[in-house]
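# Commentary on secondary and tertiary structure
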Amino acid sequence: TRVLNPYDVVVIGGGPGGYVAAIKAAQLGLKTACVEKRGSLGGTCLNVGCIPSKALLHATHLYHDAHANFSKYGLVGGEGVTMDVTKMQAQKDKAVKGLTAGIEFLFKKNKVTYYKGEGAFVDATTIQVKGLDGKNETIQTKKTVIATGSEPTPLPFLPFDETSVLSSTGALAIPKVPKTLAVIGGGVIGLELGSVWARLGTKVTVVEFADRCCPTLDSDVTDILVKTLAKNEKIAFTTSTKVVSGKKVADGVELALESIKTGKTETLTTEAILVSVGRRPFTAGLGLDKIKLATTDRGFITIDDHFKTNVPNVYAIGDVVNKGPMLAHKAEDEGIAVAEMLAGKAGHVNYDVIPGVIYTMPEVASVGKTEQELRKAGVEIKVGKFPFSANSRAKATGVEDGFVKVITDAKTDKILGVHLVNSQAGELIAEATLAMEYGASSEDVGRTCHAHPTLSEALKEACMACFAKAIHS
Ligand code: FAD
Ligand code: NAI
């Protein structure tokens, strides 16, 4: 055991929250270390989350597009396009490896000391690192940032085996296209990874507890998304349904389903199941009890507006905290803000303007409040909607699904929410996010010149529909 001079900051966890916090802290002149036990940096996002899922979504979209749409553009031979799943997985692995190695390079460049191992509190300023190489080290630090992230929540009666009972991690690594797949939980992971395998020919059935998928999204958005996935990818949706029990059988997994509305029960047997009922904070092995760090009853670390926990000099950010959505960009922004605060500057995250994207086809993106939330809160609103079927670029490219919906305060015209369904929704939401961050009105966006022909003109027109009238619909 070796005791070093104290670090200014030790970050535990090298995901998008932790690695960004570490780099920013070092850039601001703090002596910084980051402890990561996975063996590679980038956390859930780079290793088993955002990046590998988007690699598979892209590859399977190309395959599906070739079969479903090439002929309409006069391209002959789309049906002859085949998929080599091993190669698809290899491309995904290569993308992940390149990016995680890139973060290691950034650590060197910015002089962040990287400890490969599991970090645990001995006390509030002493961290023990159980090295992946079997060696233990004890490091002293003035301040610590916990960024240990989250893990998939299992079904209580059916633990993950990653062969037939899959978490997202297993569903990203399936070596051969399964014939059937039940997706338990029609949220973000369920729809994205359900889509990946449905596009390759798997018969996917989504079983959702709530009365609609992604129940926190604007209902106009989920309605069209679910209809399109059912039509284009033949995904079957069973909502208002709970899985009451399940067991592994010779040819896969057998689930007992019960309708919440009628009480009717049925059995569903599939080759594999993907359990995507949410993620839970990960703090196992951290030794939080040693420093009496407070968590919520669901295990999230409690923080104040300055990322401070109840223990002096211990901060927390990212998926593990009881604040904001479990998203990589939220974790990154918190990483920057906490580092700035630790360096004596003012860091800030605007939790009201955090975009969310589902990378299905079409993509779904939203920022701000939904119409349902605002109406429930009694806010007087205006809603401007513009369909992509009336947008010239969408028409020219033949990808006309979806719409833009802009919601404004009826009195002030301030934009309160933007909800988008489109093949490029994830990119288009950036403009709406920037507008909202600047407190824009619909008129501000509607009177801004947008290039023609672009999909972004649909946002301009939806804004025009709020404060005046759209031209093209
Ligand atoms: P994590 O990324 O979970 O990183 C925490 C790290 O801490 C882990 O690497 C872990 O090994 C390490 N760790 C834990 N305990 C210790 C310890 N004691 N010592 C040392 N290291 C420790 N978000 C998006 O914004 N966009 C997306 O498209 C998206 N897609 C996703 C797809 C999937 C399939 C999944 C599962 C998630 C996706 N997410 C997406 C969510 C995103 O991955 C998380 O919000 C993000 O990774 C959270 O970052 P974090 O730094 O808080 O935690
Ligand atoms: P989620 O919270 O998005 O969805 C879970 C769904 O499961 C909900 O619709 C919920 O009603 C349903 N559900 C819960 N318990 C159930 C049960 N017992 N039976 C049936 N349905 C049940 O969680 P998900 O999809 O697991 O993703 C976890 C987190 O990862 C998300 O909160 C998201 O923040 C992040 N993520 C983000 C992505 C993105 O930004 N594109 C992609 C993937 C994940």
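Conventions we followed
Residues numbered from 1 in each chain as written. Chains lettered and ligands numbered in written order. Predicted model: local features only at pLDDT ≥ 70, side-chain atom pairs only at ≥ 80, totals over all residues. Helix = DSSP H or I, 4+ residues; strand = E, 2+ residues; numbered from the N terminus. Rg over C-alpha atoms; globule rule 2.2 N^0.38 Å. Buried ≥ 20, exposed ≤ 12 C-beta atoms within 10 Å, placed from the backbone. Contact = placed C-beta atoms within 7 Å. Pairing = 2+ DSSP bridges. Right-handed = clockwise from strand over helix to strand, strands pointing away. Near = placed C-beta within 6 Å. Nonpolar A, V, L, I, M, F, W, Y, C, P; charged D, E, K, R; others polar. Expected span 1.5 Å × (residues − 1). UniProt positions renumbered as here; feature names shortened; annotations may be inferred. Axes fitted to C-alpha atoms, helices over the stretch in contact; angles between N-to-C directions.

## Some thoughts on the overall build of the protein chain
Each helix and strand in the protein chain was counted, giving 14 helices and 21 strands. Its C-alpha atoms give the protein chain a radius of gyration of 24 Å, within 12% of the compact-globule value 23 Å for 473 residues. Principal axes of the C-alpha set define a box for the protein chain whose edges measure 65 × 60 × 45 Å. Burial statistics for the protein chain: of 473 residues in total, 47% are counted as buried. Excluding contacts between residues fewer than 6 apart, the proportion of contacts in the protein chain whose partners are at least 24 apart in sequence is 64%.

## Looking at the pairing of strand β8 (residues 180-184)
With four of five residues buried, β8 lies mostly within the body of the structure. Note: β8 against strand β9 (residues 203-207), five bridges, orientation parallel. From the neighbouring strand, Ile184 faces β9, where its bridge partner is Val207. The parallel pair β8 and β9 is bridged by helix α6 (residues 188-199), and the resulting crossover is right-handed.

## Some thoughts on the site of ligand 2
What surrounds ligand 2 is a group of 27 residues, the closest being Gly185, Gly187, Ile189, Phe209 and Val277. Put simply, the parts of the chain that give the shell around ligand 2 at least two residues each are α6, β11 (241-249) and β17 (356-358). A total of four residues in the shell around ligand 2 trace back to one element, the largest contributor, which is α6. Taken together, the residues of the shell around ligand 2 sort by class into 16 nonpolar, seven polar and four charged.

## Some details on helix α4 (residues 85-110)
Given a rise of 1.5 Å per residue, 26 residues ought to cover 38 Å, and the 38 Å separating the end C-alpha atoms of α4 matches this to within 8%. For α4, the full list of buried residues reads Lys92, Val96, Thr100, Ile103 and Phe107. Considering only its buried residues, α4 is in contact with α1 (16-27), β2 (32-36), α2 (43-48), α3 (50-68) and β3 (113-123). Directly beyond the C-terminal end of α4, a positive phi value near 60 degrees is found at Lys111.

## A word on the UniProt feature "active site" (unreviewed entry) in the protein chain
The positions that UniProt labels "active site" (unreviewed entry) are, in the present scheme, His452. Assignment of secondary structure puts His452 in the loop between α13 (442-446) and α14 (457-467).

## Regarding the sheet that holds β11
Read across the open sheet, the three strands follow the order β11-β12-β13; overall the sheet is antiparallel. The sheet terminates laterally at β11 and β13 (265-270), the two strands that pair on one side only. On average, adjacent strands in this sheet sit at an angle of 20 degrees to one another, irrespective of strand direction. For β11 and strand β12 (residues 252-259), the ladder comprises eight bridges, and the chain directions are antiparallel. Bridging from a neighbouring strand, Lys248 pairs with Val253 of β12.

## Details of the sheet that holds strand β10 (residues 236-238)
Across the sheet, five strands lie side by side as β7-β14-β8-β9-β10; this open sheet has parallel pairing. Bordering the open sheet on either side are β7 (165-166) and β10, each of which pairs with just one other strand. The sheet contacts of α6 involve β8, β9 and β14 (272-275), and relative to β9 the element is tilted by about 165 degrees.

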